[in-house]
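Single-letter residue listing:
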Amino acid sequence: MPAPDSIELADQAARWRSAYVHIPFCRRRCPYCDFAVVAPGDPHTDDPADLTKRYLAALHTEIDTQPAWEPLDAVNLGGGTPSSIGAAAIGEVIEHLDSRFGIALGAEVSIEANPEDVTADLVEGLLAAGVNRVSIGVQSFDDEVLRFLGRAHTSLEAAAALEMCVPHFACGVDLIFGAPGESLESWRSTVATALAAFPQHLSAYALTVETGTELWQAVRKGAAAPDPDDQADKYELLQAAAGAANLVQYEVSNYARPGFSCRYNLSTWGQGEYLGFGLGAHGHRAGVRSRNVRSVLAYLKALESGHLPEAGRETTAEPEVERLMLGIRRSCGVDLGEWEDAAARHAGLQRLVAAGVIEMARGRLRVLRPLLADDVAATVLSLSR
Amino acid sequence: MTEPARIRNFCIIAHIDHGKSTLADRLLEATGAIDARNMRAQMLDTMDLERERGITIKANSVSIRYTPPGGQEHLLNLIDTPGHVDFSYEVSRSLAACEGALLLVDASQGIEAQTLANAYLAIESGLEIIPVINKIDLPAADPVRVAKELAGILGGSPDDIIAVSAKTGAGIAEMLDAIVEKLPPPEGDPEAPLRALVFDSYYDTYRGVVCHVRVVDGELETGDELRFMATSMLADADEIGVHLPASRVVKKLHNGEVGFLITGIKEIDLIRVGDTVTSAANGANRALPGYNEPKPMVYSGIFPIDGDDFERLRDALERLRLNDSSLMYRAETSRALGFGFRVGFLGLLHMEIVRERLEREYDLDLVTTAPSVQYEASTSDGRILKVSSPQDLPDRAVLESIAEPFVKVMIITPSEYVGTVMELVQQRRGEMGEMTYLSPTRVELHYQIPLGEIVYDFFDQLKSRTKGYASMDYEPAGYRTSELVRVDVLLNDVAVDAFSTIVHRDKAYSYGRQMATRLRGLIPRQLFDVPIQAAIGGRIIARETIKAKRKDVTAKCYGGDITRKRKLLERQKEGKKRMKMVGAVEVPQEAFVSALRIDE
């Protein structure tokens, strides 16, 4: 079995076909979230049951519009909160994808779940629906941090959800670090608790202030913003702790035990192809990147009147440069291919080598300090002819 | 032709915002030179920058036909003048082409320092002055007080001063009559060999250099073979014309007339504004009285961010110089910034305008270093070196003394701000001279101040401390030896010549500290710790550290949105391009100028 950070696995991932399905419904809108989300209080949410029904119907219609393809190697339901629609609805979506495209043997079938949704019934239902991977949106094991993040669950609920899922699924813990007010100790404790649950996978993202969110408004009015140095400390703390717990870092923000890296994630950074279904979903097929509308009403109207819910599409400019830009996110780095000589001569890359941020050897560019990956990516973009 | 007795050549002297361009518009309209339909605001300000900033940079001219009631048709040539302190050289050129001037003053503001200085200049040049009070329609207008003030300065009775509103047109007819009656017609000898003054020129992509000329003696005819007297250059009068304000080609320009001349000369530096044009054969023996050569007051280094743009920058400067003969430059090499130019400017506004035009019209990304004045350094072997760039200051071992240029500054302010103005001037090492009350509420103050202390932000400070009411003008007042030192800045242990500045010894320490703090805020964090030090000679007087950047990575990409991720990274890449590599450190453009903007 190839290691999570191996070149072999990364090369495989570039050939995988996946599907992303967006389930936008949430119990509440988290103050930092800028995803395409439908939460109570939004327009057209006075009859939530009906809205969900219409949405799922539209989603199934959209799946039918997509031309036939090879069997899928990975299916990922994200959100929003996919767990909020229940196992039966999830099962219908998976079944539909299987009948339309086929789901390959040994494929990854994964959903994101919020701790408050995880019950014995849900676990049973998901297993019956063919789900083999669950990512739990734990975010933190510190209740004060959870409150700051506007989450609906407590740390106890999160621990219980993990306990239920780890034995049955490839189970991932999703964490957010570096919220203002989160101490280094709090984070250390969150990491320890997460590792003690013995998950197969761990994702940790630095809290980011996204334009237009409630958090962004607050920061603009003078509230404390996340501190990049604090986030760097916490990032490094996790790197050390995860390594000690035999979780292998295979991407900037992702760790896994051998055999449990996330296919959908590796495929994204391997410039792989994927279909995107649902509100605000993105697809990448045959050199074209497309995106769906973000307004639920526009999405419903389009599909209910026989149109595609697409908001735009672009043909990838300089796909080879894009391949480098994406590939550097992975721990195994990226094959420089035809760029090898140009990269060796590039003053910006030479500086990054000198500063110990990257290494260029055996035809590959590898980021040694993933915290500076965007600096590397921006430099790589200037390689273009 | 119009006989000289029916020609009036005049300019308008006014402060910014006192309504000169609007008045010119109104004149064009009132005389039917242009109908209201084709009118666009500020006809004479042709450069985009001029209209945007509401100022006139280039002298322009327009000929207006006007028949006073019951009289004969006259030709009124309005020669526009710039309205900013930086452009007094341009004013002097315009004045030399005129016999009279309208002195235009805002009825709510009163006369401003620079207008007064230009009025004195016009009087010294022998021009007849017609004082005009504008904006009498404003609620805050106080024409009686302003008329008294003007009469006090120019002599005569306050009752004789014409009051107009360029906005409503009130008083315009009276003003036109005054121009005809009070201003003298041009003199000059129609039979003498041709002498025409080049008082402005601009570059036209299709036609080459277009000269604005005032014929003083003789006549200028299409097809004439001409000689430019200062350069002895020969050329043909390919085309002659007048601006009405639309260009109209004419066959001849006679003595006293104003118009344009196209010779087919396309090379940039060949025509010198201020030169005299005469006939190639049997031409005049003596050129018209020369102008003052424009003298740069402020120098700054201009460097392309991308070293490959050096040649493009050179071409752009050459082209700008055609329109702006006051622009002086020479190639300069900086260890930090590579190849560029040391450029002399008439003042800070001039510097800003040149930089903006280079970036906007020639699409160049530039670094402009802090402005400096020209010092005189005396060395132990008895030589005196002109130093317009701090890096050219001789080594301390041979440096005996440094002299700096002083200026005579005139400030006019409401009397309630005298205290705050004095305080500002003292901070800038100014010495108080005379103080005169123009009226019970307005004071004219005179100072001697080192030029280096006012080039940067003195004018802004003066304005903000007097709520915008004070105005100023200055003229050179020679060199004096001062206790000056060079403060160097070391970035990552390497001296960055572009950050070196010459300051007074008493201010060096606080200057160095501010500079280091300021730079720490302006230079983004790098891949390693970057020490910033300020030093005099070898002695470190301040130190700051830019801590290494530790995190530069975005969270996961939402739902596979690679397009957005790439856009963000492309923007980051563009940001990097606008940085100048100084040694191993990426320094943003703004740092070079902003760092030296020292707070009081």
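Sequence order sets the numbering: in each chain, residues are counted from 1 along the sequence as written. As a convention, the first chain written is A and the first ligand written is 1, with the rest following in written order. Thresholds applied to this predicted model are a pLDDT of at least 70 for local features of residues and 80 or more for the giving and counting of side-chain atom pairs; totals over whole chains, interfaces and linings are not thresholded and use all residues. For the side-chain quantities, the full set of heavy atoms in the structure was used; hydrogens and water were omitted.

### Considering the domain arrangement of chain B
Residue ranges assigned to the domains are those given by an automatic or database domain assignment. According to the domain assignment, chain B contains domain 1 (4–182), domain 2 (195–264), domain 3 (298–371), domain 4 (376–482) and domain 5 (486–594). For domain 2 of chain B versus domain 3 of chain B, the separation of C-alpha centres amounts to 30 Å.

### Description of the sheet that holds strand β18 (residues 328–334) of chain B
Residue and element names in this part refer to chain B. When DSSP finds at least two bridges between two strands, those strands are taken to pair. Comment: elements are numbered from the N terminus, with helices defined as DSSP H or I runs of at least four residues and strands as E runs of at least two. Overall, antiparallel pairing links the four strands, which are arranged β18-β19-β17-β20 in an open sheet. At either end of the open sheet lies a strand with only one pairing partner, and these are β18 and β20 (366–368). Adjacent strand axes in the sheet meet at a mean angle of 30° when their direction is disregarded. Here three bridges tie strand β17 (residues 298–304) to β20, and the two strands are oriented antiparallel to one another. Paired with I302 across the two strands is T368, which belongs to β20. It only takes one pair of heavy atoms within 4.5 Å for two residues to be counted as in contact. Axis definition: a line fit to C-alpha positions, over the contact stretch in the case of helices; interaxial angles, taken between N-to-C directions, run 0 to 180 degrees. Here helix α8 (residues 348–361) sits on the sheet in contact with β17, β19 (338–345) and β20, set at roughly 170° to β20.

### Examining the confidence of the model for chain B
You can read pLDDT as the predictor saying how much it trusts each residue, on a scale of 0 to 100. With 90% of its residues at a pLDDT of 70 or more, chain B has an overall mean of 85. Below a pLDDT of 50 lies the segment residues 53–59 of chain B, which in the model reaches 36 contacts outside its immediate sequence neighbourhood of four places, other chains included.

### Thoughts on the packing of helix α1 (residues 20–30) of chain B against helix α6 (residues 172–182) of chain B
Residues and elements named next belong to chain B. Where α1 contacts α6, the two axes come as close as 11 Å, and the packing angle between them is 85°. Between α1 and α6, the crossing angle belongs to the class labelled roughly perpendicular. When α1 is examined against α6, the residues L23, R26, L27 and A30 are found in contact with a partner set consisting of I172, M175 and L176. For this classification, under 35 degrees means roughly parallel, over 145 means roughly antiparallel, 65 to 115 means roughly perpendicular, and everything else is oblique.

### Some points on the side chain of S300(B)
With respect to the helices, strands and loops of the structure, S300(B) is situated in strand β17. In terms of polar contacts, S300(B) uses its side chain to reach the backbone carbonyl oxygen of T369(B), at 2.8 Å. We define a polar contact as two N or O atoms separated by no more than 3.5 Å, with the added condition that, inside protein, one atom must be a possible hydrogen donor and the other a possible acceptor, whereas residues neighbouring each other in sequence contribute only through side-chain atom pairs.

### Remarks on the interface of chain A and chain B
Each side of the interface is counted separately: chain A has 51 residues, and chain B has 28 residues. Taking both partners together, chain A and chain B bury about 3,500 Å²; carbon and sulfur atoms supply 57% of that area. A 1.4 Å probe defines the accessible area here, and the buried area is the portion of it lost by two parts on being joined, summed over both. The largest per-residue losses of area from chain A upon contact with chain B belong to H282(A), D374(A) and L381(A), which jointly make up 16% of the total buried on that side. Applying the counting criterion to the chain A and chain B interface returns 15 residue pairs in polar contact (both at pLDDT 80 or more). Elements with a contribution of two residues or more to the side of chain A that touches chain B: β6 (201–206), α9 (228–244), α10 (263–269), α12 (319–327), α14 (347–354) and α15 (373–381) of chain A. In terms of residue count, α15(A) provides more of the side of chain A that touches chain B than any other element does, seven residues in total.

### Examining the environment of A508(B)
Residue and element names in this part refer to chain B. Take A508: it is sitting in helix α12 (residues 505–522). Buried means the residue's accessible area, taken with a 1.4 Å probe over protein chains only, is under 20% of the maximum for its type, while exposed means over 50%, and partly exposed covers the values in between. A residue is classified by how much of its surface remains accessible, and A508, at 2% relative accessible area, is buried. Considered as a pair, A508 and I536 are 28 residues apart in the sequence and their alpha carbons are 8.1 Å apart. Once residues within four sequence positions are removed from consideration, A508 is found in contact with V485, V487, V503, I536 and I541.

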